[in-house]
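Each chain, written out:
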Amino acid sequence: MQIVISGGAGFIGSHLVDACLTRGHRVIVIDNLLTGRRENLAHLADHPRLRFLERDVIEPLPEVEGELYLHLASPASPVGYARYPIETMLANSLGTQRLLDLTRRDGATFLFASTSEAYGDPLVHPQPEEYWGNVNPVGPRACYDESKRYGEALTVTYVRQFGLDGRIVRIFNTYGPRNDPRDGRIVPNFITQALRGEPITVYGDGTQTRSYCYVSDLVEGILRAALTPGLAGEVINLGNPLEYSAVELAVLIRRLAGSSSPIVHAPPRPEEIARRRPEISKARRLLGWEPQVGIEEGLLQTIAWFREQLALPASAVVDGT
Ligand code: UDP
């Protein structure tokens, strides 16, 4: 099968590229390398079934053809989308439309990578797909949350209007090797700090929770959501329902990294999300999917990857070059 992956040089996207190639598919990556990193695909240089287009998904790309379109292109961390808010909004709005139009032209299948942030600061816990969310349309996360919500609305509109086979996954917090050390997320921050012996920075009182899914589990879920027949119009949460506070994660990472870094409290982020945990019974039912990798196993793999990265000259880690 020919699979087009926008954002294929990103953290999740690049793992998805690996999985598709391993299964024998042909892959076209569209990535403008805004937050994606060429090095995430460096191990696939000259792969005969991979084509890399350094292009922005908001451009018309009539030369691209596929049987399956996976739209992951967008800055995705709070630091990333705060740095590139307009690009984020365009990737999820115009970019989604561009790929929906190509999907329609090709009679293909489309999968939109949405986010748990579509639920905002949720008033329902854990979050099932039926929950509409609690999002501030003019808040600091709005460029991401609202453009992802628009992308969802556009996808289901194409399903209803044109009978297109479009699916949506709402991805909860994910971690693993290739987590960008510069993107400010909790796992790369804490691991980098722990390995360098620097203070581990817990924002606010650290009682805020997230549920952390290892990247290989997530990729399996995405592929099942994309390839299982009969899921047009479905919205499916993908994440690990095990929930940890920021302080619990700091203590765990410090122990697993064999670090003696102090755990310190930094100022809270504006409009911090208090709690987040996926309800995944729909994924279990429709995809036969649930996470397999435990938090300790996943974090040990991730710490091992960061150890290798940090062994590089410091500039290579900071610049991602
Ligand atoms: N966090 C933290 N210290 C950091 C980075 C993040 O305490 O150095 C916390 C943050 O307050 C949030 C959680 O980690 O509660 C997850 O943040 P992240 O940016 O990874 O993703 P989010 O779920 O907020 O999009």
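Residues numbered from 1 in each chain as written. Predicted model: local features only at pLDDT ≥ 70, side-chain atom pairs only at ≥ 80, totals over all residues. Heavy atoms only, no water.

Novice: In this structure, what is going on with the site of the ligand? I would like to understand it.
Specialist: Residues in contact with the ligand amount to 18 residues; listed here are only the nearest, Thr201, Gln208, Arg210, Arg269 and Glu272. Separating an oxygen atom of the ligand from a backbone N or O atom of Ile186 is a distance of 2.9 Å. Here an oxygen atom of the ligand sits 2.9 Å away from a polar atom, N or O, in the side chain of Asn189. Notes on the ligand: free accessible area 510 Å², of which the protein chains cover 98%. Breaking the shell around the ligand down by element, the ones donating at least two residues are α6 (186-196) and β8 (200-203). Of the residues assigned to the shell around the ligand, the class counts are 6 nonpolar, 5 polar and 7 charged. (Near = heavy atom within 4 Å. Polar contact = N/O pair within 3.5 Å; in protein donor to acceptor, adjacent residues only side chain to side chain. Areas by Shrake-Rupley, 256 points an atom, 1.4 Å probe, with all protein chains shown as cover. Helix = DSSP H or I, 4+ residues; strand = E, 2+ residues; numbered from the N terminus. Nonpolar A, V, L, I, M, F, W, Y, C, P; charged D, E, K, R; others polar.)

Novice: Before we go on, may I ask you to explain helix α4 (residues 94-106) in this structure?
Specialist: Since the α-helix packs 3.6 residues into each turn, any two residues three or four apart lie on the same face. The end-to-end C-alpha distance of α4 is 18 Å, a good match for the 18 Å that 13 residues give at a rise of 1.5 Å each. Tucked into the core, α4 has its buried residues touching β1 (2-6), β2 (26-30), β4 (68-71), α3 (85-92), β5 (109-115) and α5 (142-162). Gly107 sits one or two residues past α4 and shows a positive phi near 60°. (Expected span 1.5 Å × (residues − 1). Contact = heavy atoms within 4.5 Å.)

Novice: Can you walk me through the environment of Asp56 in this structure?
Specialist: Tracing the chain through its elements places Asp56 in the loop between β3 (50-53) and β4. The class for Asp56 is partly exposed, based on a relative accessible area of 23%. When residues no more than four places from it in sequence are discounted, the contact partners of Asp56 are Asn32 and Leu61. At 3.5 Å, the side chain of Asp56 and the side chain of Asn32 are in polar contact. Here the side chain of Asp56 touches Ile58 through a polar contact of 3.0 Å, landing on its backbone nitrogen. (Buried < 20%, exposed > 50% of the residue type's maximum accessible area, 1.4 Å probe, protein only.)

Novice: Would you mind going over the environment of Val235 with me for this structure?
Specialist: Relative to the elements of secondary structure, Val235 occurs in strand β11 (residues 235-238). Sequence separation of Val235 and Lys282 is 47 residues, and the distance between their C-alpha atoms is 9.0 Å. Those residues in contact with Val235 that sit more than four places away from it in its chain are Glu129, Ile168, Arg170 and Lys282.

Novice: Whenever I open this one, the packing of aromatic side chains confuses me. Can you help?
Specialist: What characterises a pair of aromatic rings is the spacing of the ring centres plus the angle enclosed by the ring planes. Counting across every chain of the model gives 6 aromatic pairs. Judged by centre distance (5.5 Å) and plane angle (65°), the rings of Tyr175 and Tyr214 are edge-to-face. In this pair, Tyr175 is assigned in strand β7 (residues 174-175) and Tyr214 in strand β10 (residues 213-214), connecting sequence segments 39 residues apart. Neither Tyr175 nor Tyr214 differs from the other in exposure class; each is buried. Their ring planes at 85° and their centres at 5.0 Å tell us that Trp305 and Phe306 sit as a pair that is edge-to-face. Exposure remark for Trp305: the relative accessible area of 15% places this residue in the buried category. The class for Phe306 is buried, based on a relative accessible area of 0%. (Phe/Tyr/Trp six-rings, centres within 6.5 Å; stacked < 30°, edge-to-face > 60°.)

Novice: I would appreciate a short explanation of the nonpolar core in the present structure.
Specialist: When a protein is soluble and globular, its nonpolar side chains tend to lie buried together. Of all hydrophobic cores here, the largest spans 38 residues; its most connected members are Ile5, Val17, Leu70 and Leu238. Each residue touching Leu238, except ones within four places of it in the same chain, is listed here: Val169, Arg170, Ile171, Phe172, Leu218, Gly221, Ile222, Ala283, Leu287 and Trp289. (Core = buried A, V, L, I, M, F, W, Y, C linked by side-chain atoms within 4.5 Å.)

Novice: Even after reading the chapter, I still don't get the pairing of β1, so can you show me in this structure?
Specialist: Side chains on a regular strand alternate between the two faces of the sheet. Burial of β1 is extensive: 5 of the 5 residues sit out of reach of the surface. Going residue by residue along β1, you find Gln2, Val4 and Ser6 tucked away on one face and Ile3 and Ile5 tucked away on the opposite face as well. In terms of strand pairing, β1 meets β2 through 5 bridges, oriented parallel. Its bridge partner being in β2, Ile3 is matched across the sheet by Val27. Of the crossover connections in this fold, the one passing from β1 over helix α1 (residues 11-22) to the parallel β2 is right-handed. Sheet topology places β1 next to β4; 4 bridges connect them, and they run parallel. Bridged to Ile5 within β4 is Leu70. (Pairing = 2+ DSSP bridges. Right-handed = clockwise from strand over helix to strand, strands pointing away.)

Novice: Even after reading the chapter, I still don't get the state of the cysteines, so can you show me in this structure?
Specialist: By definition, a disulfide is the covalent link that joins the sulfur atoms of two cysteine residues. With the rule as written, the count across this model stands at 0 disulfides. There is no disulfide at Cys20, and the cysteine sulfur nearest it, in Cys213, is 17 Å away. (Disulfide = S-S within 2.5 Å.)

Novice: I'm lost on the pairing of β11 in this one. Help?
Specialist: Side-chain alternation along β11 places Val235 and Asn237 on one buried face and Ile236 and Leu238 on a second face that is also buried. Relative to β11, strand β6 (residues 165-171) runs parallel, the two being bridged by 4 bridges. Across the sheet, Ile171 pairs through a bridge with Leu238, a residue of β11.

Novice: Sorry if this is basic, but what is going on with the layout of surface pockets here?
Specialist: Unfilled space is identified by rolling a water-sized probe across the atoms. Reported here for the second largest pocket is a volume of approximately 160 Å³. Ala118, Tyr119, Glu129, Glu130, Tyr131, Trp132, Arg149, Glu152, Ala153 and Arg170 are the residues that line the second largest pocket. By residue number, the principal contributor to the lining of the second largest pocket is α5, which donates 3 residues. Per-class residue counts for the lining of the second largest pocket are 5 nonpolar, no polar and 5 charged. (1 Å grid on protein atoms, 1.4 Å probe; cavity = no way out; pocket = protein on both sides within 12 Å on 5 of 7 lines; lining within 4 Å. Points joined across faces, edges and corners; volume = space filled by probe spheres on them.)

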